[in-house]
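Chains, contacts and geometry: an overview
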Amino acid sequence: MTTITLAETPLLHAVLARADDALVHAHRLSEWVGHAPMLEEDLALGNVALDLLGQARSLYTYAAEVEGKGRTEDDLAYLRDAPSFRNLLLLEQPNGDFAQTIVRLFLHSAVLHPFWRTAMGSSDATLAAIAAKAEKEVAYHLRHSAEWLIRLGDGTEESHRRAQEALDRLWRFTGEMFAPEDADLVARGVLPDPASLRPEWDATVARVLAEATLDRPKDGWMQQGGRRGVHTEPLGHMLAVMQHLQRAYPGATW
Amino acid sequence: MYTQALNQKDSGPQGTQGLVEDPERLARFEARVAAEDKIEPNDWMPEAYRRTLTRQISQHAHSEIVGMLPEGNWITRAPSLRRKAALLAKVQDEGGHGLYLYAAAETLGTSREQLVEQLLSGKAKYSSIFNYPTLTWADIGAIGWLVDGAAIMNQIPLCRTSFGPYARAMIRICKEESFHQRQGYEIMLTLCRGTEQQKAMAQDALNRWWWPSLMMFGPPDAESSHTDQSMRWKIKRFTNDALRQQFVDATVPQGHYLGLTFPDPALRFNEETKHWEFGEIDWEEFRQVLAGNGPCNRERMEARRRAHDEGAWVREAALAHAAKRKARRAATPKLAAE
Ligand SMILES: [Fe+2]
Ligand SMILES: [Fe+2]
Ligand SMILES: [Fe+2]
């Protein structure tokens with residue numbers, strides 16, 4: 001099988017976007033396993049990665065169903081090239097140090113949690129079912145990353161500096177999380193309106209940063225493009241690694 | 001398994017060599033062990049028993065942790081989402097095994113920090129098997145099938161080992177290891193039912209992992225020190241050679257079912273003994289790998305040290321934060337009372 005591109009209806013696009021978010025983030029977190037600062041974190045980051053991978057699989061399976069061309073979760077994950085990936089730029093950023101990984105997880109979980117909680121009431125039954133499971137998982141991701149951010153911010157001088165640097169570095173990718181969703185999907189109650197999630201995100205960020213004694217960076221120019229396939233450089237490398245076997249042995253079953 | 005440590009000479013810590021145990025307590029201890037009583041952390045035990053077990057359990061823990069590396073090498077490249085999830089969960093299980101085992105070792109009086117320090121300084125050993133590289137996806141199948149398979153052979157008897165915390169940890173761990181073994185075999189089966197290239201990949205993995213897997217059981221009985229005492233204390237229940245033979249007998253038919261050939265021209269079934277006879281193991285290779293000259297010894301230790309060093313600031317932050325919280329909690333009621 002060579003590279004595939006999908007004719008994306010608004011629903012297919014929206015489902016793919018969430019699936020790609022989960023897969024790309026799971027991939028990054030899985031890179032820590034065996035290399036984390038302590039054994040407990042090897043396990044915890046591995047758990048979060050597994051949750052996200054599970055969410056990605058449910059969403060890809062649904063995307064394939066929405067497309068209706070008999071494709072599988074693996075076709076969608078392994079046979080699309082970077083410009084067809086719809087994930088947020090934030091989630092493809094390299095792990096950096098532990099502070100960057102935690103900040104990335106926190107900033108995204110703080111919006112993903114209200115996203116899934118709202119989507120539990122989706123008019124789309126499949127999305128509502130996925131949301132019911134994901135909501136519980138992401139609640140833990142949010143709690144875990146917030147606790148770490150507080151420890152790092154209010155820990156040592158060095159950990160404080162690293163946590164603040166990570167926030168300053170990744171903040172430019174947060175605007176994209178609130179970019180408008182397809183108006184019709186929102187109107188029909190399929191997916192939450194991203195703008196409606198913002199007040200809760202702001203409040204969570206404010207509360208955790210205050211406890212972590214960290215400063216909220218200024219909302220400057222925001223990097224966008226992930227949802228339309230205009231990515232940062234690291235994504236191509238990630239996919240080259242992730243997709244290599246499927247590409248090298250087309251059509252094989254694993 | 002990762003019980004290769006049992007074959008190292010027990011020189012004892014400085015000053016305890018030649019320590020003579022109270023004969024009466026020793027006799028009572030030996031009688032309890034002989035009666036299959038479990039020894040618990042607060043029970044009296046001979047120093048040599050404590051030392052041998054600490055070494056064995058911590059070596060087992062280190063093996064689980066270092067063992068995360070060769071398989072972790074393929075998490076980002078797993079060829080399907082189902083395989084990726086299974087591999088990630090497997091590597092995570094191994095980390096969990098490391099955690100339980102460190103906890104079991106700690107009950108004998110050595111802290112996890114000290115044990116990890118022994119690993120990072122090169123003083124403590126881990127299983128030789130994890131010094132081999134994972135070069136293709138088939139290696140993930142071969143490791144599950146052979147390495148977890150060999151670990152199970154070794155560890156099932158340890159579920160009845162005399163030291164309670166270790167025996168209990170083993171019961172839980174063995175369940176997961178047999179799941180890993182089936183999963184690995186299933187990867188091999190899928191490859192062998194796949195394309196010619198996939199089958200060749202599976203064969204190549206068997207060629208590279210077969211002999212190192214046999215070495216996991218440690219040196220031949222004739223060269224193995226301390227087996228007698230470990231057997232009497234029920235730390236060990238079968239000899240290296242007996243377990244190795246059991247593994248070969250179980251594994252060879254599985255390999256044949258896959259349609260693979262074992263890289264041993266001397267392999268033959270003995271109709272009289274009903275055992276598979278196998279060729280001479282290259283013990284020089286085994287000694288070299290244990291001495292640090294395996295293909296990946298340096299890389300494995302470097303990876304562990306790097307994770308430890310680069311994570312130091314995180315662990316310090318967690319400690320500093322916990323101390324601040326504690327201080328604040330201690331200060332709050334006092335302020336309220338004033
Ligand atoms: Fe294990
Ligand atoms: Fe094990
Ligand atoms: Fe295992």
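Before reading on, note that the structure itself is shown above.
Given the structure is predicted, the values throughout are model-derived calculations rather than measurements. (Residues numbered from 1 in each chain as written. Chains lettered and ligands numbered in written order. Predicted model: local features only at pLDDT ≥ 70, side-chain atom pairs only at ≥ 80, totals over all residues. Heavy atoms only, no water.)

Section: the coordination of the iron ion (ligand 1)
All names here are of chain B. Put simply, the rule is: Each metal site lists N, O and S donors within 2.8 Å (3.2 Å for Na, K and Ca). With water left out of the atoms, a site can look as if it is missing ligands. Angular criteria define each label, namely tetrahedral for four donors with all angles between 85 and 135 degrees, square planar for four and octahedral for six donors with opposite donors over 155 degrees apart and remaining angles between 65 and 115, and irregular for whatever fails these tests.
Note on the iron ion (ligand 1): its protein donors are Glu-64 (OE), Glu-94 (OE), His-97 (ND1) and Glu-177 (OE). The metal-donor distances range over 1.9 to 2.2 Å. Each of the four donor atoms around the iron ion (ligand 1) contributes to a set of angles spanning 88 to 136°, which defines the coordination as irregular. Along the chain, the residues that donate to the iron ion (ligand 1) are spaced as E-x29-E-x2-H-x79-E.

A closer look at the interface of chain B and chain A
Test applied: Two residues qualify as a contact provided that any one of their heavy atoms is within 4.5 Å of a heavy atom in the partner residue. Accessible area that two parts lose when put together, evaluated with a 1.4 Å probe and summed over both, is termed the buried area. One speaks of a salt bridge when a side-chain nitrogen belonging to Lys or Arg is within 4 Å of a carboxyl oxygen belonging to Asp or Glu. Under the rule applied, a polar contact is a pair of N or O atoms within 3.5 Å (in protein, one hydrogen donor and one hydrogen acceptor; residues adjacent in sequence only if both atoms are side-chain atoms).
Listed as interface residues are 46 residues of chain B and, on the opposing side, 48 residues of chain A. Approximately 3900 Å² of surface area, both sides summed, lies buried where chain B meets chain A, with 68% of it carried by carbon and sulfur atoms. Interface area lost by chain B to chain A is led by Leu-81, Gln-92 and Trp-313 of chain B, which between them contribute 21%. At the junction of chain B with chain A, the criterion picks out four salt bridges. Between Asp-154 of chain A and Lys-324 of chain B there is a salt bridge, and its shortest N-O distance comes to 3.1 Å. Applying the counting rule to chain B against chain A returns 15 residue pairs in polar contact (both at pLDDT 80 or more).

Some thoughts on the pattern of salt bridges
All names here are of chain B. Selection rule: Numbered from the N terminus, helices here are DSSP runs of H or I no shorter than four residues, and strands are runs of E no shorter than two. Classification of residues uses two cut-offs on accessible area relative to the type maximum, computed with a 1.4 Å probe and protein chains only: under 20% is buried, over 50% is exposed, and between them is partly exposed.
Tallied over the entire structure, the rule returns 41 salt bridges over all chains. With a closest N to O distance of 3.0 Å, Arg-83 and Glu-186 form a salt bridge. Placement of Arg-83 in helix α4 (residues 81–106) and of Glu-186 in helix α7 (residues 164–192) is noted, with a sequence separation of 103 residues between them. Measuring nitrogen to oxygen at the nearest pair gives 3.5 Å for the salt bridge that ties Glu-284 to Arg-287. Taken as a pair, Glu-284 and Arg-287 lie in helix α11 (residues 283–293) at a separation of three residues, close to a single helical turn. Residue Glu-284 is classed as partly exposed on the basis of its relative accessible area, which comes to 40%.

Considering the coordination of the iron ion (ligand 3)
All names here are of chain B. Glu-94 (OE), Asp-148 (OD), Glu-177 (OE) and His-180 (ND1) make up the full set of protein donors to the iron ion (ligand 3), lying at 1.9 to 2.3 Å. Given four donor atoms and angles of 92 to 144° at the metal, the environment of the iron ion (ligand 3) is assigned as irregular. Between consecutive donors of the iron ion (ligand 3), the numbers of intervening residues give the motif E-x53-D-x28-E-x2-H. The iron ion (ligand 1) is placed at 3.6 Å from the iron ion (ligand 3), the two being bridged by Glu-94. Of this pair, Glu-94 sits in helix α4 while Glu-177 is found in helix α7, placing the two residues 83 residues apart along the sequence.

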